[in-house]
Amino acid sequence: MARIKIDTARRTGTIDRNIYGGFIEHLGRCIYGGIYEEGSSLSDEHGFRKDVMEAVKGLHPPILRWPGGNFVSGYRWTDGIGPVEQRPARLELAWHSVENNHFGTDEFMRYCEVMNIEPYICVNMGTGTMDEARDWVEYCNGTGDTYWANLRRQNGHPEPYNVKYWGLGNEMYGQWQIGHLSAEDYVKKAREFAKVMKWTDPSIKLVGCGQNGWNDWDQTVIEGLAPLMDYYSLHLYTGSDDYYSNVLAPALVDFALETCQAMIERARFNQKLDHPIHIAYDEWNVWFRQRSAESALEERYDLADALAVSSYLNSFVRHSDTVKMANLAQMVNVIAPIFTSKEDLFLQTIYHPLRIYEEQMQEVTLDAYVDCKQLTLTEDQEKSRWPQSIASLGPFKVLDVSVTSDQQGHELAIAVVNRDQEEDHTTTIQFADPTTISQGRIYQVNATDPNTSNSFEHPDAVTVQERQLELADGNLTYTFPAHSLTVLRLHAE
Ligand code: AHR
């Protein structure tokens, strides 16, 4: 029998709810035809799709990153303000599409406002200049009698938007990026951007552009930018048709966070820096099917992908002391939990773990001892569309676990991904101190086949089953079904 042992006194950190953040990019049908659809009977007076808003509300994303992604490296933000009919349509080179600029800064801000979401803007460090970046900060946050602040007022927004989070470019290390840079050149350029942006508004928080968290780029950028940044961003996409390669790949998140955190601490120590630098996992997801820019880039997710997403979340929870923001890439259509047509939408499989974690996981993270079957994955067995290999990170525990509690230690949430494709695992849950569980609820995501997907025809093929936990005196034993996510919510005395 497997065993999860919990000591409610062994607190490892506090969850920043920004780990449940989202990301929208001018890519495919994410914005146009996703969150924003002019002229649709499903849209409100601002052009926002009301059905999509409802689905987004179910996930309560506290923060939203925009406008890219690769798109931002060629984006002229000034094209997207002022009267809509006068905004220029541009050929944009990241995804080879036409950007009509109908959704710009003021529309993004309005969306965040009506949805009660904190905005996070990534600036253009590809074709964009320092001036454009500082002007954008001034347009959003300026309070004085200055050109850009006045233009915002003229555009109908007397009050500053107070955008707190600003990203210093997107994936500037990549050959695919417009204006890509070496790590050394990025540091030089980002320092200057950071300086003028902070001089424009000293209260903003800057996010440096990281890679995977274990690369030479990361080492150089962390050393070079540490004095000026508040967050360091990481990106990770994983995924495979091979079940185990898919569900075990998020082990890379633990590796990335631990490696990257060590680099950050080294830089802070050597440079005698007092301010914290947190990790912002500002793009992450399963993404391996729709990879070519010519395709619609519209990934359809199955149950195995939902389990991988759950393991990403487990890793963020386990590292709550270091990862203080994470933004699922992306929110609608493209590579996202919500999928629309002109008339309808359905929730993809990955929507359900996102919702359960956001709703059920508590504030305080707890260390847990897990004793269970181990899985190995050899280099030969591993199949991934991505270059990074996970085989060397094994063996992997078949039960991937994270545990949280409220501040008082009475409300517990235990998230368990049983990654075994075939076998259920009966598990005893033990507590270090005498503990009585008086109530329990189960939230489970499962299906007969890990390849099961949702669709317009079968929107609930994979959904959440919720029920009461039957408690036998003194003993908490639960059988986690094969290829499932289970969150146990317990009231403990
Ligand atoms: O999220 C899709 C793309 O993936 C983003 O534009 C880019 O930053 C990443 O490579």
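The rules behind these values
Residues numbered from 1 in each chain as written. Predicted model: local features only at pLDDT ≥ 70, side-chain atom pairs only at ≥ 80, totals over all residues. Heavy atoms only, no water. Helix = DSSP H or I, 4+ residues; strand = E, 2+ residues; numbered from the N terminus. Contact = heavy atoms within 4.5 Å. Domains from an automatic or database assignment. Buried area = accessible area lost by both parts, 1.4 Å probe. Salt bridge = Lys/Arg side-chain N within 4 Å of Asp/Glu carboxyl O. Near = heavy atom within 4 Å. Polar contact = N/O pair within 3.5 Å; in protein donor to acceptor, adjacent residues only side chain to side chain. Areas by Shrake-Rupley, 256 points an atom, 1.4 Å probe, with all protein chains shown as cover. Nonpolar A, V, L, I, M, F, W, Y, C, P; charged D, E, K, R; others polar. Buried < 20%, exposed > 50% of the residue type's maximum accessible area, 1.4 Å probe, protein only. Pairing = 2+ DSSP bridges. Right-handed = clockwise from strand over helix to strand, strands pointing away. Expected span 1.5 Å × (residues − 1). Core = buried A, V, L, I, M, F, W, Y, C linked by side-chain atoms within 4.5 Å. Phe/Tyr/Trp six-rings, centres within 6.5 Å; stacked < 30°, edge-to-face > 60°. Lys NZ or Arg CZ within 6 Å of the ring centre and 35° of its normal.

One can find Gln-360 in helix 10 (residues 351-360). Residue contacts for Gln-360: discarding those within four places in its chain leaves Ala-413, Tyr-443, Val-487 and Arg-489.

What follows is about the domain arrangement of the chain. Domain annotation of the chain identifies domain 1 (2-9 + 366-492) and domain 2 (15-361). Contact residues are listed per partner, giving 46 residues for domain 1 and 47 residues for domain 2. Of the roughly 3,800 Å² buried between domain 1 and domain 2, counting both surfaces, carbon and sulfur atoms make up 65%. The largest per-residue losses of area from domain 1 upon contact with domain 2 belong to Arg-385, Trp-386 and Phe-456, which jointly make up 19% of the total buried on that side. Here domain 1 is connected to domain 2 by two salt bridges. With its nearest N and O atoms 3.5 Å apart, the salt bridge here joins Asp-241 to Arg-385. At the level of secondary structure, the elements contributing two or more residues to the side of domain 1 that touches domain 2 comprise strand 17 (399-405), strand 18 (411-418), strand 20 (437-445) and strand 23 (484-492).

Lining the immediate environment of the ligand, one finds Phe-23, Glu-25, Gly-69, Asn-70, Trp-95, Asn-170, Glu-171, Tyr-237, Glu-283, Trp-287, Gln-330 and Ile-335. Asn-70 is positioned such that a nitrogen or oxygen atom in its backbone is 2.8 Å from an oxygen atom of the ligand. Expressed as a share of its isolated accessible area of 280 Å², the protein-covered part of the ligand is 94%. In terms of residue class, the shell around the ligand is built from five nonpolar, four polar and three charged.

With that settled, the discussion passes to the pairing of strand 3 (residues 63-66). The alternating pattern of strand 3 places Ile-63 and Arg-65 and Leu-64 and Trp-66 on opposite faces, both of which are buried. Where strand 2 (residues 21-23) lies against strand 3, two bridges are found, and the strand directions are parallel. Paired with Gly-22 across the two strands is Leu-64, which belongs to strand 3. Between strand 2 and its parallel partner strand 3, the chain crosses via helix 1 (residues 50-59), and the hand of that crossover is right-handed. Bridge analysis of strand 3 against strand 6 (residues 118-122) gives four bridges, and the strand direction is parallel. Its bridge partner being in strand 6, Ile-63 is matched across the sheet by Glu-118.

Glancing now at helix 5 (residues 183-200). With 18 residues, helix 5 should cover 26 Å at 1.5 Å per step; its first-to-last C-alpha distance of 25 Å lies within 8% of that length. All of the buried residues along helix 5 are Ala-183, Tyr-186, Val-187, Ala-190, Phe-193, Ala-194, Val-196 and Met-197.

Moving on to the environment of Met-115. Tracing the backbone through its elements, the reader meets Met-115 in helix 2 (residues 105-115). The buried category is assigned to Met-115, whose relative accessible area is 9%. The spacing of Met-115 and Asp-242 is 127 residues in sequence and 38 Å in space, taken between C-alpha atoms. Ignoring any residue separated from it by four or fewer positions in sequence, one finds Met-115 in contact with Met-53, Val-56 and Lys-57.

Quick look at the nonpolar core now. Core analysis: the largest hydrophobic core is formed by 158 residues, its most contacted members being Trp-166, Tyr-186, Tyr-281 and Phe-316. Residue contributions to this core peak at 10 residues, all from helix 9 (residues 303-318). When residues of this core are sorted by domain, at least three fall in each of domain 1 (2-9 + 366-492) and domain 2 (15-361). Once residues lying within four places of it in the same chain are set aside, the contact partners of Phe-316 are Ile-19, Val-253, Leu-257, Tyr-281, Trp-284, Val-323 and Ala-326. Ile-63, Tyr-231, Ala-280 and Met-325 belong to the second largest nonpolar core, which has seven residues in total.

Our next topic: the packing of aromatic side chains. Summed over all chains, the structure comprises 33 aromatic pairs. Centre to centre, the rings of Tyr-32 and Tyr-36 are 6.0 Å apart; their planes meet at 75 degrees, and the pair counts as edge-to-face. Judged by relative accessible area, Tyr-32 falls into the partly exposed class, the value being 21%. Judged by its relative accessible area of 5%, Tyr-36 falls in the buried class. Lying over the aromatic face of Phe-339, Arg-29 brings its terminal NZ or CZ to 5.5 Å of the ring centre. Directly above the aromatic system of Phe-339 lies the positively charged group of Arg-300, at a separation of 4.1 Å from the ring centroid.

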